[in-house]
Amino acid sequence: MVSTVQNSDVKQKDVDQAVVVAVTFTAVFEPEAEDGSSVYRLGVALPLLQVLQRVNERLLEKNPAEHQLFDIILITTDSWQQQQSSSIIKSTRHHGLEVSRFCFSREEDFIESLVQNNVQLFFTTDENKALQATQQGVPSALLDKNSVSCPSEQLRVLFCENTIIQPNAGSIEASKKSAQSFLAQLGQMRQKFGIFDSPLCFTLVTSRGGKDSCCSALKSLRSLGVSVDEAYCLGGAPHTPILSLLRPHFLLSEGFNLLEG
């Protein structure tokens, strides 16, 4: 069973044009409430949610009639958390998070909740959930507590090969198609701004294969309408140091069949 509740505090997005991203409760909030209140403490997804809201603001500043905006859904499958739904909604309001909808489902219906809400990218701290969603054609990104981004005015997206958690072979095409659709929409958002004033920043990092590998990845991105701001060819060097420097909000694999953050 899947139950979805609209957030009356937030103007609802155009369902046909919005870019829908879902974030789990455990990524948005810590399990315990703040001292002496029913408001939950913020979790690892805060910088991501803040910058998604900032992108929306910049898009609306440029065109008040803009409909291609990020639409954020909070999802939980935990029965105890669902009993605290009023506290979850209150916490979202308290922290000023632009969550359009709250989705409550059973564990076994969690994929259905993503599909019903047309989720194009799913963020979680649970690797098993990320794999499960990807295997069902919903691209997913892991949010890691050890690599949380700092607050930023730009959404930093890193296209990085060899960061893939391999899905089952049968799921690759469905996941790849969904990821490519998501990337194309990112590219469309980026094209609404100039080179130096964009709230989105795309970086490509290739670990192996030299310039040929880098050129191939650039061509794949451009075929989807995505132009990168920076490109790094590491030539076999570890990618950890440059990830620490760039501090992206999430990573996208070069193969576009799985997303990891």
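Since the structure is predicted, the reported quantities are computational estimates derived from the model, not experimental observations.

Here is what the cut-offs are and how they apply
As a convention, each chain's residues are numbered from 1 in the sequence order in which they are written. A pLDDT threshold of at least 70 governs which residues receive local features in this predicted model, and a stricter bar of 80 or more applies before side-chain atom pairs are shown or counted, although totals over entire chains, interfaces and linings include all residues. As a convention, hydrogens and water are excluded, and side-chain values are obtained from all of the structure's heavy atoms. Both site types are read off a 1 Å grid over the protein atoms alone. A 1.4 Å probe that fits but cannot get out defines a cavity, while an open set with protein on both sides within 12 Å along at least five of seven lines defines a pocket; lining residues have an atom within 4 Å of a point. Grid points are joined across faces, edges and corners, and a volume is the space filled by probe spheres set on the points. The numbering of helices and of strands both runs from the N terminus, where a helix is a DSSP run of H or I of at least 4 residues and a strand a run of E of at least 2. Take the residue count of a helix, subtract one, and multiply by 1.5 Å to get its expected span. With a 1.4 Å probe rolled over the protein chains alone, any residue whose accessible area is under 20% of its type maximum counts as buried; one over 50% counts as exposed, and the rest are partly exposed. Contact definition: two residues touch when any of their heavy atoms are within 4.5 Å. We call two strands paired when DSSP finds no fewer than two bridges between them. Seen with its strands pointing away from the viewer, a crossover is right-handed when the path leading from the first strand over the helix to the second is clockwise.

Bringing the layout of surface pockets into the picture now. Space inside the second largest pocket adds up to approximately 260 Å³. Along the wall of the second largest pocket there are 14 residues; nearest its centre are Lys-11, Lys-13, Leu-60, Glu-66 and Leu-69.

Counted at 1.5 Å a residue, the expected span for helix H2 (residues 46–62) with its 17 residues is 24 Å, and the 25 Å between its end C-alpha atoms agrees. Regarding H2, the residues found buried are Leu-46, Pro-47, Leu-48, Leu-49, Val-51, Leu-52, Gln-53, Val-55, Asn-56, Arg-58 and Leu-59.

For the rest of this paragraph, the subject is the side chain of Ser-198. Relative to the helices and strands, Ser-198 resides in the loop between helix H7 (172–190) and strand S10 (200–206). Among the residues examined, Ser-198 registers a relative accessible area of 5% and is labelled buried. The contacts of Ser-198, once residues within four sequence positions are left out, are Arg-58, Gln-154, Arg-190 and Phe-193.

With that out of the way, let us pick up the pairing of S10. For S10, a buried count of 7 out of 7 residues is recorded, marking the element as mostly surrounded by other parts of the structure. Covered by surrounding structure in S10 are Leu-200, Phe-202, Leu-204 and Thr-206 together with Cys-201, Thr-203 and Val-205, the residues of both alternating faces. As defined by bridge partners, strand S9 (residues 155–160) adjoins S10 across 6 bridges and the pair is classed as parallel. Within the sheet, the bridge partner assigned to Val-157 lies in S10 and is Phe-202. Following the backbone out of S10, through helix H8 (residues 210–223) and into the adjacent parallel strand S11 (residues 230–233), one traces a crossover that is right-handed.

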